[in-house]
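Each chain, letter by letter, is given below.
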Amino acid sequence: MFGPWWTLGMDTAMLALESQAVIGLRMAKLAAGGAGAQAEMQRMVSEKVLAAGETAMLMATGGTTQSIVSGYRSKVRANRRRLAGPQ
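This write-up is about the structure you can find in this document.

Thresholds, definitions, all that
Residues numbered from 1 in each chain as written. Predicted model: local features only at pLDDT ≥ 70, side-chain atom pairs only at ≥ 80, totals over all residues. Heavy atoms only, no water. Helix = DSSP H or I, 4+ residues; strand = E, 2+ residues; numbered from the N terminus. Expected span 1.5 Å × (residues − 1). Buried < 20%, exposed > 50% of the residue type's maximum accessible area, 1.4 Å probe, protein only. Contact = heavy atoms within 4.5 Å. Phe/Tyr/Trp six-rings, centres within 6.5 Å; stacked < 30°, edge-to-face > 60°.

Helix length check: helix α2 (residues 34–60), at 27 residues, gives a terminal C-alpha distance of 40 Å against a target of 39 Å (1.5 Å per residue), a fit within 8%. Residues of α2 that are buried: Ala37, Glu40, Ala51 and Thr55. Looking at the packing, one finds that the buried side of α2 touches α1 (4–32) and α3 (65–84). Following α2 by one or two positions, Gly62 has its phi on the positive side, about 90°.

Right, here's the structure in full:
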């Protein structure tokens, strides 16, 4: 209905909002300290390195901006669900 630019814009805006939620949840976990915080830090760094590699490969093989944003959104949503715990 609105076209690919609208979809990309909305997905990018949602990625920004969802990322802020993950940042807040991670900051709370890190502030609590302990083994859980250490594990979260290591997970966070390894996820970022892996995501950068996946994105580089996707770009090198002709991936679209939409596919890159969608891939990041799925990872961010999974982190939000994991960090928020049982609802």
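Once you've had a look at it, read on.
All chains considered together, the criterion is met by 1 aromatic pair. Ring centres of Phe2 and Trp6 lie 4.8 Å apart, and the angle between their planes is 35°; this geometry places the pair in the tilted category. Judged by relative accessible area, which is 55%, Phe2 ranks as exposed. Relative accessible area serves as the criterion here: at 44%, Trp6 is assigned to the partly exposed category.

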